[in-house]
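# Topology and contacts: notes
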Amino acid sequence: MRVLIISSIYPTPDAPRIVGGAEIFARRFAESLLERGDNVEVIRAAPAPGQQTETSDGIQVHSAPVHNIYLPFTQQRSAPMRGVWHAVEDWQQTASLVSERIRAFKPDVMHSNNLSGLTTAVWKAASDLDVPIVHTLHDYYLTCPRCSRFAGGRACVQTCVGCKILTVNRRRAASRINAVVGVSQRILDIHTDLGLFLDTPLRTVIRNAPTIAPMFPDTERSDRTLTLGFIGRLVEEKGIYNLIKAIAAVPSGAVRLLIAGRASEDEQQRIRTMAPAARIEFLGFVAPAEFYKQVDVVVVPSIWEEPGPIVVADAQAAGKPFLGTSFGGIPEAIKNGAAGWLTGSDPDSLAKSILQIVADPQRVKDMAREKTSKWTFSKVVASYRTVFEDVTQVRQAASS
């Protein structure tokens, strides 16, 4: 099968930047398809002006020029500039490089992921050339310019007028999709509740798989203080500040918190000021497997509709229980067999839940010994290939 993968970011040696889990998935997925004997090409948004085509691990990676006032995923801009950027983004109607590569590569299917900088014009290019489109929902790009449906310190329940205006053409373009995949049922439901993909022939959920190999947890640590771990971006929607407030409310010495992720000196100082008596250690950027070895319980305190947090899948592979909030795909992980607890997202609820965990160390050990998930990335790839085959067969039947 010939698959054209579309992703805003696709890390390569010449452009290694990673912002979130979607681009990690895209690269891993492309390489897995290639290993299975499929032909794969990738188109990403150009990470820099004049970015050249690059071959990475046997895959041609093309960089499409970004026709906007600045490149996506760069430094923070003023609100007026962001408004202009999103307006331009929403009105893009052409994707010349995508059309060119479709004609040259002749893919059986286009698989689109995050679209910032590439725009839904990629769907028009594929549709015009009769290539079926499978789109994976990793974020809320189609209904929110910020892609997060998060504003004013809370998850958005309704779509505001500004977001409706700045995504009107994105939502219309969704009618071109042949199949849509949610990384959780929750992200798929949010889109369908807003009227998207109601006529899409195939709607399904394919959950994220762990990025680390299964681990055998050490349940006999020498330091018996409960070690909590947070890994990810230190931003408000991830709930990091509510977690720090909760840690501040827990008796000193009851727990220690390890934070993995890039944090400036100012950010570290801000966090320490919020919980001056707490045992907090900053690990910086660290390999996930190294992080999970050091913690007893992983905390996922998100306060936005987290689509399908890979950290939960990784915690399960590491044999570590997690404490998570009831947002996005987090509750679905427990429903699907992950070991963990759900809690309210406010600091008081988090603190109460942490104290309950501290009071029952045997339960933590027992949960750590429970079987890890059998949901693997090879099964993810197999599920996507089934979707690809379905949409190509429908297209072939329609044209015969």
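Overview of the structure. (Residues numbered from 1 in each chain as written. Predicted model: local features only at pLDDT ≥ 70, side-chain atom pairs only at ≥ 80, totals over all residues. Heavy atoms only, no water.)

## Focus: the packing of helix 1 (residues 21-35) against helix 15 (residues 377-399)
- Two elements in contact, helix 1 and helix 15, have axes whose closest approach is 10 Å; the angle formed by their N-to-C orientations is 75°. Classified by the interaxial angle, the pair formed by helix 1 and helix 15 is roughly perpendicular. Each of Phe25, Arg28, Phe29, Ser32 and Leu33 in helix 1 lies in contact with helix 15, whose residues at this interface are Phe377, Val380, Val381, Tyr384, Arg385 and Phe388.
- Grouping the constituent residues of the contact of helix 1 with helix 15 by class yields 8 nonpolar, 1 polar and 2 charged. (Axes fitted to C-alpha atoms, helices over the stretch in contact; angles between N-to-C directions. Helix = DSSP H or I, 4+ residues; strand = E, 2+ residues; numbered from the N terminus. Parallel < 35°, antiparallel > 145°, perpendicular 65-115°, else oblique. Contact = heavy atoms within 4.5 Å. Nonpolar A, V, L, I, M, F, W, Y, C, P; charged D, E, K, R; others polar.)

## Focus on the sheet that holds strand 14 (residues 297-300)
- One open sheet accounts for 6 strands, arranged 13-12-11-14-15-16; its pairing is parallel. Two strands lie at the open edges of the sheet, namely strand 13 (279-284) and strand 16 (340-343), each paired on one side alone. Between one strand axis and the next, the sheet turns through 25° on average, direction left out of account.
- In this structure, strand 11 (residues 226-231) lies alongside strand 14, joined through 2 bridges in parallel fashion. Opposite leucine 228, over in strand 14, you have valine 297 as the bridge partner. (Pairing = 2+ DSSP bridges.)

## Structural notes on the packing of aromatic side chains
- Throughout the structure, instances matching the rule amount to 9 aromatic pairs.
- Note on phenylalanine 25 and phenylalanine 377: the rings are 6.0 Å apart at their centroids and 70° apart in plane angle, and the pair reads as edge-to-face. Separated by 352 residues along the polypeptide, phenylalanine 25 in helix 1 and phenylalanine 377 in helix 15 bring together distant segments of the chain.
- On the basis of relative accessible area, phenylalanine 377 is assigned to the buried category, the value being 9%.
- Ring geometry for tyrosine 70 versus tryptophan 85: centroids 5.7 Å apart, planes at 25°, classification stacked. Linking tyrosine 70 in the loop between strand 4 (59-64) and helix 2 (79-91) with tryptophan 85 in helix 2, this pair joins segments that are 15 residues apart in sequence.
- By relative accessible area, tryptophan 85 is classed as buried at 4%.
- Directly above the aromatic system of tyrosine 141 lies the positively charged group of arginine 170, at a separation of 4.2 Å from the ring centroid.
- The side chain of arginine 262 reaches across the aromatic face of phenylalanine 285, ending 4.6 Å from its centre. (Phe/Tyr/Trp six-rings, centres within 6.5 Å; stacked < 30°, edge-to-face > 60°. Buried < 20%, exposed > 50% of the residue type's maximum accessible area, 1.4 Å probe, protein only. Lys NZ or Arg CZ within 6 Å of the ring centre and 35° of its normal.)

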